[in-house]
Amino acid sequence: MSFNRNEPKYYEFYRSASIGRALMDSLDELIQDGVITPQLAFKVLMQFDRATTETLSKHVKFKTSLKGHLSTYRLCDDVWTFFVRNPSFKIEGGELVQADRVKIIAVKSEQATAAEAKAKQPNNAS
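- The name given to the protein in an unreviewed UniProt entry is Transcription initiation factor IIA subunit 2, with Calocera cornea HHB12733 as the source organism.
- Note on the protein: under the UniProt heading Subcellular location (unreviewed entry), the record states "Nucleus".
- Recorded in UniProt under Function (unreviewed entry), the annotation for the protein is "TFIIA is a component of the transcription machinery of RNA polymerase II and plays an important role in transcriptional activation. TFIIA in a complex with TBP mediates transcriptional activity."

### Examining the packing of helix α1 (residues 18–32) against helix α2 (residues 38–59)
So, step 1. At their nearest, the axes of α1 and α2 sit 10 Å apart, and the two run at 165° to each other. It follows from the interaxial angle that α1 and α2 lie roughly antiparallel. Of the two possible hands of crossing, α1 and α2 adopt the one that is right-handed. Residue-level inspection shows I19, G20, L23, M24, L27 and I31 of α1 in contact with α2, the latter providing P38, A41, V44, L45 and F48.

### Some details on a negative patch on the surface
So, step 1. On the surface, D25, D28, E29 and D33 cluster together to form a negatively charged patch.
So, step 2. By secondary structure assignment, the location of D25 is in helix α1.
So, step 3. Owing to a relative accessible area of 52%, D25 belongs among the exposed residues under this scheme.

### Some words on the pattern of salt bridges
So, step 1. Under the counting rule described, the total for this entry stands at two salt bridges.
So, step 2. Across the salt bridge formed by R15 and E12, the nearest N and O atoms sit 3.7 Å from each other.
So, step 3. When its relative accessible area of 10% is taken as the criterion, R15 is described as buried.
So, step 4. One salt-bridge network, held together by shared partners, links E12, R15 and D49.

### Some thoughts on the packing of aromatic side chains
So, step 1. The final tally for this structure, using the stated rule, is two aromatic pairs.
So, step 2. Judged by centre distance (6.3 Å) and plane angle (35°), the rings of Y73 and W80 are tilted.
So, step 3. Here Y73 falls in the exposed class, since its relative accessible area comes to 53%.
So, step 4. Using a relative accessible area of 35% as the deciding quantity, one classes W80 as partly exposed.
So, step 5. Pairing W80 with F82 gives two aromatic rings, centres 5.7 Å apart and planes at 10°, and the pair type is stacked.

### Looking at the confidence of the model for the protein
So, step 1. Chain-level pLDDT for the protein is 84 on average; 78% of the residues reach the 70-or-more range.
So, step 2. Confidence, expressed as mean pLDDT per element, reaches its minimum in the protein at helix α3 (residues 110–120) with 60 and its maximum at α1 with 96.

### A short note on unusual backbone geometry
So, step 1. In the Ramachandran plot, D78 falls in the positive-phi region, its phi being about 65° despite a non-glycine side chain.
So, step 2. With respect to the helices and strands, the residue D78 is situated in the loop between β1 (64–76) and β2 (79–91).
So, step 3. Note on D78: relative accessible area 44%, which makes it partly exposed.
So, step 4. Positive phi is not limited to glycine here, since N86 has a value of about 50°.
So, step 5. Relative to the elements of secondary structure, N86 occurs in strand β2.

The rules behind the values
- Residues numbered from 1 in each chain as written.
- Predicted model: local features only at pLDDT ≥ 70, side-chain atom pairs only at ≥ 80, totals over all residues.
- Heavy atoms only, no water.
- UniProt positions renumbered as here; feature names shortened; annotations may be inferred.
- Axes fitted to C-alpha atoms, helices over the stretch in contact; angles between N-to-C directions.
- Helix = DSSP H or I, 4+ residues; strand = E, 2+ residues; numbered from the N terminus.
- Parallel < 35°, antiparallel > 145°, perpendicular 65-115°, else oblique.
- Left-handed = near helix turned anticlockwise from the far one by under 90°.
- Contact = heavy atoms within 4.5 Å.
- Patch = residues over 30% accessible without salt bridge, like charges linked within 9 Å, V, L, I, M, F, W, Y side chains within 5 Å.
- Areas by Shrake-Rupley, 256 points an atom, 1.4 Å probe, with all protein chains shown as cover.
- Salt bridge = Lys/Arg side-chain N within 4 Å of Asp/Glu carboxyl O.
- Lys, Arg positive; Asp, Glu negative; His and termini not counted.
- Charge placed at Lys NZ, Arg CZ, Asp CG, Glu CD.
- Buried < 20%, exposed > 50% of the residue type's maximum accessible area, 1.4 Å probe, protein only.
- Phe/Tyr/Trp six-rings, centres within 6.5 Å; stacked < 30°, edge-to-face > 60°.
- pLDDT = per-residue confidence, 0-100.

Here's what the structure looks like:
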């Protein structure tokens, strides 16, 4: 398999959402029944990762503020993970959403990555 550094990186964490788990369960069943190959299931999961990431980045455009107790945070491979207890989200429009705990995963956007790459290029001005 070839690797192209210019291709966007799609993360697999949406697979742990209920829709991703349902997809994986269905694919496992299809593999066990001999309907599809494991290679095809892998391609479907890769497409799911890409489509989910692109759809959310293009169509989810509201802002929210968060208050709560940050219990743990970490940075690994340019992926931030935050664990917040007793979060309170104030969504644009005034809606308030509360929970016992929440896990937030944050990754660099393609725009941020492109801006970083551009900033690292040497200035070719004459």
